[in-house]
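As a plain string of letters, each chain reads:
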Amino acid sequence: MKGNKGEKRKHELLKIAYRLIISKGYEETSIDEIIAQAQIAKGTFYYHFKSKEEMLEALINMMITEQTERAKQILSAQMPVPQKAVAVITTFRPNQDEETIKDALNRKDNIIMHEKINRRVIDEAVPILSKVVEEGIEQGILECDNINERVRMTLIISSDMFDHREFTAADIDVFIDTVEKILGAKKDTFNFIRQLIR
């Protein structure tokens, strides 16, 4: 029972940190502010997290767990397979409010954490997206083998492209063409992505 209470307290701290970082930014949010809002002793914070960076990693892992649950719900949604595939991928992207958290993760001194988080996102997303691709194969919309590997490649390409936020119309064309080829889709199957990006 005590462990459960500890996990609940840790989750509360992460929720407070999440709100503060979103409103103020990672650099501007201090451990002292988190402690003050949580109304706990400093030792309690350090019992759960060795540092602010460790708290950031735990916060991002909490976000990924929530994203994974949302992505699993998409599997049973009544929508065309290509839209379902894109919905799963976008579920694992931070929303606009969470850009300050993503920016903190993209700092040079957080590069190792960034790589670790990226690997976790891909590991969580691959089995979910693979089910969508299998559904597409059953419906004759997609045609491919080595599904997990193709899905992993699709996720890596989309992550790399959309992480940098600067891309041209030609980049989008090549991205759509590449995804269609990787998954064995007919030309223009994923054309709707253009509207989503705009």
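Residues numbered from 1 in each chain as written. Predicted model: local features only at pLDDT ≥ 70, side-chain atom pairs only at ≥ 80, totals over all residues. Heavy atoms only, no water.

**Section: the overall build of the protein**
Piece 1. When its secondary structure is counted, the protein shows ten helices and zero strands.
Piece 2. Moving toward the C terminus, one meets the helices and strands of the protein in the order α-α-α-α-α-α-α-α-α-α.
Piece 3. Summarising the internal contacts of the protein: among those between residues at least 6 apart in sequence, 65% fall at separations of at least 24.
Piece 4. Of the roughly 11,600 Å² of accessible surface on the protein, 52% is carried by carbon and sulfur atoms.
Piece 5. In the protein, 30 positive and 33 negative side-chain charges are present, and the distance between their average locations comes to 5 Å. (Helix = DSSP H or I, 4+ residues; strand = E, 2+ residues; numbered from the N terminus. Contact = heavy atoms within 4.5 Å. Areas by Shrake-Rupley, 256 points an atom, 1.4 Å probe, with all protein chains shown as cover. Lys, Arg positive; Asp, Glu negative; His and termini not counted. Charge placed at Lys NZ, Arg CZ, Asp CG, Glu CD.)

**Points about the pattern of salt bridges**
Piece 1. Summed over all chains, the structure comprises 13 salt bridges.
Piece 2. Two residues, Glu12 and Arg9, come together in a salt bridge whose shortest N-O distance is 3.5 Å. Highlighted residues: Glu12 and Arg9, both in helix 1 (residues 2–24), separated by three residues, approximately one helical turn. (Salt bridge = Lys/Arg side-chain N within 4 Å of Asp/Glu carboxyl O.)

**A closer look at the environment of Leu75**
Piece 1. With respect to the secondary-structure elements, Leu75 resides in the loop between helix 4 (52–74) and helix 5 (81–91).
Piece 2. Remark: the alpha-carbon pair of Leu75 and Ile128, spanning 53 residues in sequence, is separated by 7.5 Å.

**A look at the packing of aromatic side chains**
Piece 1. Within the structure shown, the criterion is met by three aromatic pairs.
Piece 2. An angle of 85 degrees between the planes, with centres 5.3 Å apart, marks the rings of Phe45 and Tyr46 as edge-to-face.
Piece 3. On the accessibility criterion, Phe45 (0% relative accessible area) is buried.
Piece 4. Put simply, the rings of Phe45, Tyr46 and Phe49 pair up and form one aromatic cluster.
Piece 5. The lysine or arginine in question, Lys52, covers the ring of Tyr26, its NZ or CZ lying 4.3 Å from the ring centre. (Phe/Tyr/Trp six-rings, centres within 6.5 Å; stacked < 30°, edge-to-face > 60°. Buried < 20%, exposed > 50% of the residue type's maximum accessible area, 1.4 Å probe, protein only. Lys NZ or Arg CZ within 6 Å of the ring centre and 35° of its normal.)

**Some thoughts on helix 7 (residues 111–138)**
Piece 1. End to end, helix 7 covers 40 Å across 28 residues, agreeing with the expected 40 Å (1.5 Å per residue, within 8%).
Piece 2. Along helix 7, the helix axis deviates most sharply at Val126, where the bend reaches about 35 degrees; the proline Pro127 sits within four residues downstream.
Piece 3. Backbone geometry just after helix 7 places Gly140 at a positive phi near 80 degrees. (Expected span 1.5 Å × (residues − 1). Bend = angle between axes of the 7 residues up to and from the residue.)

**Quick word on the environment of Ile172**
Piece 1. Topologically, Ile172 is positioned in helix 9 (residues 169–183).
Piece 2. Residue Ile172 is classed as buried on the basis of its relative accessible area, which comes to 12%.
Piece 3. Sequence separation of Ile172 and Ile197 is 25 residues, and the distance between their C-alpha atoms is 8.7 Å.

**Details of the packing of helix 4 against helix 7**
Piece 1. Where helix 4 contacts helix 7, the two axes come as close as 10 Å, and the packing angle between them is 15 degrees. Taken together, the axes of helix 4 and helix 7 lie roughly parallel to each other. In this structure, helix 4 crosses over helix 7, and the sense of that crossing is right-handed. In contact with Glu53, Leu56, Glu57, Ile60, Asn61, Ile64, Thr65, Thr68, Ala71 and Lys72 of helix 4, helix 7 contributes Met113, Lys116, Ile117, Arg120, Val121, Glu124 and Ile128.
Piece 2. A class-by-class count of the residues in the contact of helix 4 with helix 7 yields eight nonpolar, three polar and six charged. (Axes fitted to C-alpha atoms, helices over the stretch in contact; angles between N-to-C directions. Parallel < 35°, antiparallel > 145°, perpendicular 65-115°, else oblique. Left-handed = near helix turned anticlockwise from the far one by under 90°. Nonpolar A, V, L, I, M, F, W, Y, C, P; charged D, E, K, R; others polar.)

**As for helix 9**
Piece 1. Helix length check: helix 9, at 15 residues, gives a terminal C-alpha distance of 21 Å against a target of 21 Å (1.5 Å per residue), a fit within 8%.
Piece 2. Listing the buried residues of helix 9 in full gives Ile172, Phe175, Ile176, Val179, Glu180, Ile182 and Leu183. Mapping the buried residues of helix 9 onto a view down its axis gives an arc of 165 degrees, with all of them on the same face. Exposed residues pointing more than 90 degrees away from the buried face of helix 9 are listed as Val174 and Lys181.
Piece 3. For helix 9, the secondary structure elements touched by its buried residues are helix 7, helix 8 (147–163) and helix 10 (193–197). (Arc of directions from axis to C-beta.)

Nothing here speaks to function; it is geometry throughout.
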